[in-house]
Amino acid sequence: ARLAGKLSDVPIETCFDPLGVHVPLSGASNLKVDFSTTGSTYDELARGLEGPFRLKARKGTVSVDLTRLFAGSGARQGDGWNSENITAFDELIAECRLGAGHIWCENFNMKTEQGLISGSGDIDLGQKTLDWRLFVADHAAPLNDSQLAAETPPQVSISGALAQPV
């Protein structure tokens, strides 16, 4: 079976519900998918989903204080999702791929008051873990691979259990 289409003005926090994933994001989003799947039950169809998708959200928040993380040095134990110290964004664009029990996002860009945050990462749906690398880019445009190789922008890693990463 194939599922292709675009959903508009969907609350971002509900986009990952069919995959059993809760990521503390808020905002209005547009989701463009081109998935294929096999199976005869809802669970089999959901587990078999694979293909590319693009998520574009606006005027939202992510429940992690990225400004504080970028300002710090080294791992901060006990940090993770925190609904009291959020990062607001004007726009978030993620180009990702779903397959084999993973979500891989090769291009992630989030425009915040502090600047543009770019990066990439993945979520292991079976293990419920994530591994992301984020960089502070400039105010105007995302960093491309050659810029990342030539420059050393401030960066942070968010990894571990999806329920409470560090």
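Everything discussed here concerns the structure shown above.
Residues numbered from 1 in each chain as written. Predicted model: local features only at pLDDT ≥ 70, side-chain atom pairs only at ≥ 80, totals over all residues. Heavy atoms only, no water.

1. Some thoughts on the packing of aromatic side chains
Put simply, the rule is: Geometry of aromatic contacts follows a simple scheme: Phe, Tyr and Trp rings, the Trp one being its six-membered ring, pair when their centres are within 6.5 Å, and the pair is stacked under 30 degrees between planes, edge-to-face over 60, tilted otherwise. The helix and strand labels rest on DSSP assignments: H or I over at least four residues marks a helix, E over at least two residues marks a strand, and numbering proceeds from the N terminus. Exposure is judged per residue with a 1.4 Å probe applied to protein chains only, and the accessible area is read against the type maximum: over 50% gives exposed, under 20% gives buried, and values in between give partly exposed.
By the definition in use, this model includes two aromatic pairs. A ring pair is formed by F35 and F53, whose centres lie 6.0 Å apart and whose planes are at 70°; its orientation type is edge-to-face. You can see F35 sitting in strand 2 (residues 25–36) and its partner F53 sitting in strand 3 (residues 51–62), a full 18 residues away along the chain. Note on F108 and W132: the rings are 5.4 Å apart at their centroids and 70° apart in plane angle, and the pair reads as edge-to-face. Of this pair, F108 sits in strand 5 (residues 102–112) while W132 is found in strand 7 (residues 129–136), placing the two residues 24 residues apart along the sequence. What makes W132 buried here is its relative accessible area of 11%.

2. What about the side chain of D124?
As a reminder of what qualifies: Here the positive residues are Lys and Arg and the negative ones are Asp and Glu; neither His nor the chain ends is included. Only one rule defines a salt bridge in this text: a Lys or Arg side-chain nitrogen within 4 Å of an Asp or Glu carboxyl oxygen. In the analysis that follows, any N or O atom pair within 3.5 Å is treated as a polar contact, provided that within protein one partner can donate a hydrogen and the other can accept it, and provided that, for residues neighboring in sequence, both atoms belong to side chains. Contacts between residues were defined by any pair of non-hydrogen atoms, one from each residue, lying within 4.5 Å.
Its location among the elements puts D124 in strand 6 (residues 115–124). K128 is the oppositely charged side chain nearest to the buried, salt-bridge-free D124, at an N-O distance of 8.4 Å. A distance of 2.9 Å separates a polar atom in the side chain of D124 from the backbone nitrogen of Q127. Apart from the residues within four sequence positions on either side, D124 is in contact with G101, H102 and T129.

3. Side note on the environment of L92
Here L92 lies in strand 4 (residues 87–99). The sequence separation of L92 and G27 amounts to 65 residues, and the corresponding C-alpha distance is 9.4 Å. Beyond its immediate chain neighbours, meaning those up to four positions away, L92 contacts L25, L55, K56, A57, F108, N109 and M110.

4. Considering empty space enclosed by the protein
Note the cut-off: Residues are said to line a cavity or pocket when one of their atoms sits within 4 Å of a point; the points come from a 1 Å grid over protein atoms alone, cavities being sets where a 1.4 Å probe fits but cannot get out and pockets being open sets with protein on both sides within 12 Å along at least five of seven lines. Grid points are joined across faces, edges and corners, and a volume is the space filled by probe spheres set on the points. In this count, Pro and Cys sit with the nonpolar residues alongside Ala, Val, Leu, Ile, Met, Phe, Trp and Tyr, while Asp, Glu, Lys and Arg are called charged and the others, Gly among them, polar.
Under the counting rule described, the total for this entry stands at one cavity of 30 Å³ or more. There is about 330 Å³ of room inside the largest cavity. Considering the residues around the largest cavity, the lining is formed by 22 residues, among which V23, L25, V62, F108 and W132 are closest to the centre. Elements supplying a minimum of two residues to the lining of the largest cavity: strand 3, strand 4, strand 5 and strand 7. The greatest single-element share of the lining of the largest cavity, amounting to four residues, is contributed by strand 5. Its residues assigned to classes, the lining of the largest cavity shows 22 nonpolar, no polar and no charged.

5. Digging into the pairing of strand 7
To keep things clear, this is the line we draw: Only when DSSP finds a minimum of two bridges between them are two strands counted as paired.
Bridge analysis of strand 6 against strand 7 gives eight bridges, and the strand direction is antiparallel. Considered in strand 7, the bridge of I123 is made with L130. Of the strand pairs in this sheet, strand 7 and strand 8 (residues 155–161) are connected by seven bridges, and their pairing is antiparallel. Across the sheet, L130 pairs through a bridge with G160, a residue of strand 8.

Take it as geometry only, folks, not as evidence of what the structure does.
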